[in-house]
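Fold and contact review
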Amino acid sequence: MAVNTAQIRSLLLPGLYDVEGEYKQIDKTWDKMFSVHKATLRVETKAQMRILGLAQFKTEGGATAFDNNAGQRFLFNAQAFQVGLGYSITRESLDDNQYTKDFNLMKLPLANSFNQFKEINAANVLNNSTTYDPTVGGDGVALLSTSHPYDGGTWANTFTTQLDLNESSLLQACLNIRQNFVDEAGLKINARAQKLMIPVQLTPVAERLLKTELRPGTANNDVNAIISMPAGIKEYVVSDYLTSQYAWWVKTSIDGLVMMERIPFEMDMWVDDNTDNVLIKGYERYIPTYNDPRCVYGSTPSS
């Protein structure tokens, strides 16, 4: 049923001193965690390749070792979903509303509904980072795992025992990213910690860890290694849509958290010839996903 005069009965008569319903929206945060990639196909796929392994010693007069194992290892898929929302209004509601300046049914902020839905789905990539998603594919394990495979072994982007966010655990995450991230042939890569991503509840902890010039939580005159060392973290982002109050993630210098945008947000409006109702709808097509688990290091303690 369309929005009708019964639903806005107080707006049909003079005498209201104020009409309120729209509030300031939470700032957009997904674009601080995800890089935007334009999608042109129904399903976008990234191929993860193995290049070459380590060089080897060669003996005098001996043969040169050849590494002919380069090639495709994993595929990461991204299929954009469709997002839509609309509403309809009767002609009488538009004609008789006395407060169009304060509550204009023709100008309801449809974009706010789409923006918040996008934030929720982007945050869910991290919320679900310990669960393997076969629709993404990839290397056969969850985004956060201690057993990401490469030729000849495994590497980890999470702790064996999940740790709360503190100075020690954050420093260890930064070091693990630099020391333990490898390519598909097992060669070390230039991966560095860049940004801390946290739920609202961890904001005070992040503020103390990243805004303290000296070592946080002590009376020592040591420098704060988290922000001063070259492989350290300089900033953090808070998402209101991360569901665990204890989990935290470090975004790395490897581009892998991606927002695949197929169709940007668009609106349409038309009048139904039979009822004179005005119909307004929005549409968008995208998917937030990841295409390289080296993009994050995370910890998901339960308490």
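Anything mentioned here points back to the structure above.
Quick caveat: nothing in here was measured; it's all calculated off a predicted structure. (Residues numbered from 1 in each chain as written. Predicted model: local features only at pLDDT ≥ 70, side-chain atom pairs only at ≥ 80, totals over all residues. Heavy atoms only, no water.)

Focus: the overall build of the chain
- Each helix and strand in the chain was counted, giving 5 helices and 12 strands.
- Overall, the chain is about 95 × 55 × 30 Å in size when its C-alpha atoms are taken along their principal axes.
- For the chain, contacts bridging at least 24 residues in sequence account for 76% of all contacts bridging at least 6.
- When the accessible surface of the chain is summed, it comes to about 16900 Å², and 51% of that surface belongs to carbon and sulfur atoms.
- Between the mean site of the 27 positive side-chain charges and the mean site of the 34 negative ones, the chain shows a separation of 7 Å. (Helix = DSSP H or I, 4+ residues; strand = E, 2+ residues; numbered from the N terminus. Contact = heavy atoms within 4.5 Å. Areas by Shrake-Rupley, 256 points an atom, 1.4 Å probe, with all protein chains shown as cover. Lys, Arg positive; Asp, Glu negative; His and termini not counted. Charge placed at Lys NZ, Arg CZ, Asp CG, Glu CD.)

Concerning the sheet that holds strand β4 (residues 81–89)
- Taken in spatial order, the 4 strands of this open sheet run β1-β10-β11-β4, and their pairing is mixed. Since the sheet does not close on itself, it has two edges, and those belong to β1 (35–38) and β4, each with one partner. Averaged over neighbouring strand pairs, the angle between their axes works out to 30 degrees when direction is ignored.
- The sheet contact formed by β1 and strand β10 (residues 257–271) spans 4 bridges and is parallel. If you follow Val36 over to β10, its bridge partner there is Met259.
- In the packing of helix α2 (residues 110–127) onto the sheet, contacts are made with β4, β10 and β11 (278–290), and the angle to β11 comes to roughly 20 degrees. (Pairing = 2+ DSSP bridges. Axes fitted to C-alpha atoms, helices over the stretch in contact; angles between N-to-C directions.)

A word on the nonpolar core
- In this structure, Phe34, Met197, Trp249, Leu257, Tyr290 and Val296 are the most contacted members of the largest nonpolar core, which totals 32 residues.
- Secondary-structure elements contributing two or more residues to this core are β3 (71–79), β4, α2, β10 and β11.
- Here the element with the most residues in this core is α2; it accounts for 6 residues.
- Residue contacts for Val296: discarding those within four places in its chain leaves Leu143, Leu144, Asn157, Phe181, Met197, Val250, Thr252 and Leu257. (Core = buried A, V, L, I, M, F, W, Y, C linked by side-chain atoms within 4.5 Å. Buried < 20%, exposed > 50% of the residue type's maximum accessible area, 1.4 Å probe, protein only.)

Some thoughts on the sheet that holds strand β12 (residues 296–299)
- Strand order in the open sheet formed by 4 strands is β8-β7-β9-β12, with mixed pairing between adjacent strands. Looking at the sheet topology across the chains shown, the edges are occupied by β8 (235–239) and β12. For this sheet, the mean angle separating the axes of adjacent strands, direction not counted, is 20 degrees.
- The sheet contact formed by strand β7 (residues 193–199) and β8 spans 5 bridges and is parallel.

Examining the environment of Ala122
- Tracing the backbone shows Ala122 in helix α2.
- The class of Ala122 is buried, set by a relative accessible area of 0%.
- Between the C-alpha atom of Ala122 and that of Thr289, which follows or precedes it by 167 residues, the distance is 7.5 Å.

As for helix α4 (residues 203–211)
- Within α4, burial applies to Ala206, Leu209 and Leu210. Take α4 and look down its axis: the buried residues cluster within an arc of 80 degrees, on one side only. Away from its buried face, by an angle of more than 90 degrees, α4 presents the exposed residues Arg208 and Lys211. (Arc of directions from axis to C-beta.)

Digging into the pattern of salt bridges
- A complete count under the given rule lists 13 salt bridges for this structure.
- Across the pair Arg50 and Asp67 runs a salt bridge whose closest N-O atoms are separated by 3.1 Å. Taken together, the positions of Arg50 in strand β2 (residues 43–50) and Asp67 in the loop between β2 and β3 put the pair 17 residues apart, joining distant regions of the chain.
- Between Asp151 and Arg50 there is a salt bridge whose closest N-O contact spans 2.8 Å. Of this pair, Asp151 sits in the loop between β5 (148–150) and β6 (153–155) while Arg50 sits in strand β2; the two residues are 101 residues apart in sequence, bridging distant segments of the chain.
- Assessed through its relative accessible area of 29%, Asp151 is described here as partly exposed.
- In the salt-bridge network here, residues are joined through shared partners; they are Lys46, Glu184, Asp292 and Arg294. (Salt bridge = Lys/Arg side-chain N within 4 Å of Asp/Glu carboxyl O.)

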